[in-house]
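Overview (structure and organization)
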Amino acid sequence: MPKLVIKLRSLLFHVLFYSYIVFSLLSLENCAKSGDDSSTADQLVRNKAAVVKLMLQEFDAQVFDCSTQNIFSKPVVVDTTLMSISRNGEEVYLNAQVNLSCTKKYFVRLRCSQDVLEQFNKTKSNNALLAAKFTRMDNEKLIANADSLDGSNPAINLGETVIFSGECLAIREIPSVVNAD
């Protein structure tokens, strides 16, 4: 009888041990498969696209790109890099560079309400989507005067720049990837 108990214990131990190993491997495989297989860059693009879609619906807007026509007819959603906030008396202006790969460089100078200023103050990065109504467009050819070692002041053509002015309707920080697990 004692030999039978020892054999049963040994058999039970082996069954439990191998069951634990199989269960662990299957669980680990399921954990790896349940996660999103896309890269962080892909997740950022999807998150950004979702925010753009919400802003387009909320403001009945269009996405601003290099070929956008009639930008003064309806609000636009612009992908920007925030540069600064400036004040002119009681008015607050948000200054940003538009993130587009165009032949011209685009910048915005938008008058902001107190609500938008509060949204700006809550941002943690300088990448944001702006909903705006443009009222003015200025084309500028930027030329920078540089110093040189020989004492001359050569002029450097920085290219054509477009500055849009108007009103900022909303600001949304581009969301980063957050693991929900």
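Thresholds applied
- Residues numbered from 1 in each chain as written.
- Predicted model: local features only at pLDDT ≥ 70, side-chain atom pairs only at ≥ 80, totals over all residues.
- Heavy atoms only, no water.
- Helix = DSSP H or I, 4+ residues; strand = E, 2+ residues; numbered from the N terminus.
- Rg over C-alpha atoms; globule rule 2.2 N^0.38 Å.
- Buried < 20%, exposed > 50% of the residue type's maximum accessible area, 1.4 Å probe, protein only.
- Contact = heavy atoms within 4.5 Å.
- Areas by Shrake-Rupley, 256 points an atom, 1.4 Å probe, with all protein chains shown as cover.
- Salt bridge = Lys/Arg side-chain N within 4 Å of Asp/Glu carboxyl O.
- Disulfide = S-S within 2.5 Å.
- Phe/Tyr/Trp six-rings, centres within 6.5 Å; stacked < 30°, edge-to-face > 60°.
- Lys NZ or Arg CZ within 6 Å of the ring centre and 35° of its normal.
- Core = buried A, V, L, I, M, F, W, Y, C linked by side-chain atoms within 4.5 Å.
- Arc of directions from axis to C-beta.

Looking now at the overall build of the protein chain. The number of helices and strands found in the protein chain is 3 helices and 6 strands. What you see in the protein chain, going N to C, is helices and strands ordered as α-α-β-β-β-β-α-β-β. In summary, the protein chain has a C-alpha radius of gyration of 29 Å against a globular reference of 16 Å for 181 residues, an excess of more than 25%. Projected onto its principal axes, the C-alpha positions of the protein chain cover 100 × 50 × 35 Å. Looking at the 181 residues of the protein chain, the share that counts as buried comes to 26%. For the protein chain, the share of sequence-separated contacts (at least 6 apart) that also reach a separation of at least 24 residues comes to 58%. As displayed, the protein chain offers around 12,800 Å² of accessible surface, 56% of which is attributable to carbon and sulfur atoms.

Enumeration according to the criterion identifies 5 salt bridges in this entry. Of the charged contacts, one joins Asp79 and Lys48 as a salt bridge, the two residues approaching to 2.4 Å between their closest N and O atoms. Highlighted residues: Asp79 in strand S2 (residues 76-88) and Lys48 in helix H2 (residues 40-59), separated in sequence by 31 residues. The shortest N-O distance in the salt bridge between Glu160 and Lys104 comes to 3.4 Å. Here Glu160 is found in strand S6 (residues 155-173), whereas its partner Lys104 is found in the loop between strand S3 (91-98) and strand S4 (105-112), with 56 residues between them in sequence. Taking relative accessible area as the criterion, Glu160 reaches 33% and is therefore assigned partly exposed.

Bringing the state of the cysteines into the picture now. One pass over the structure, following the stated rule, counts 1 disulfide. Bridging Cys66 to Cys102, the disulfide has an S-S length of 1.4 Å. Around the S-S axis, the bridge from Cys66 to Cys102 shows a dihedral of about -75° and counts as left-handed. Here Cys66, found in the loop between strand S1 (62-63) and S2, pairs with Cys102, found in the loop between S3 and S4; they are 36 residues apart in sequence, far enough to count as distant. Of the residues examined, Cys66 reaches a relative accessible area of 39% and is grouped as partly exposed. There is no disulfide at Cys112, and the cysteine sulfur nearest it, in Cys168, is 4.3 Å away. By relative accessible area, which is 11% here, Cys112 ends up buried.

Now for the packing of aromatic side chains. How two aromatic rings sit relative to each other is given by the distance of their centres and the angle of their planes. Overall, the coordinates contain 7 aromatic pairs when judged by the stated rule. With 5.4 Å between their ring centres and 70° between their planes, Phe17 and Tyr18 make a pair best called edge-to-face. Every member of this aromatic cluster is reached through a ring pair, and the members are Phe64, Tyr106, Phe134 and Phe164. Its end group placed over the ring of Tyr93, Arg109 keeps NZ or CZ at 4.3 Å from the ring centre.

Our next topic: the nonpolar core. Membership of the largest hydrophobic core comes to 24 residues, with the highest contact counts inside it found for Phe64, Leu130 and Phe134. Of all the secondary structure elements, the ones that give two or more residues to this core are S2, S3, S4, helix H3 (114-122), strand S5 (127-145) and S6. Those residues in contact with Phe64 that sit more than four places away from it in its chain are Ile71, Val76, Val77, Val78, Val98, Leu100, Tyr106, Phe134 and Phe164. Listed in part, the 10 residues of the second largest apolar core include Val52, Val77, Leu129 and Ile174.

Attention shifts here to H3. Residues Val116, Leu117 and Phe120 constitute the buried set of H3. On an axial view of H3, the arc spanned by its buried residues comes to 100°, and they lie on one face. Seen from the open side of H3, the exposed residues pointing more than 90 degrees away from its buried face are Asp115, Asn121 and Lys122. In this structure, the buried residues of H3 make contact with S2, S3, S4 and S6.

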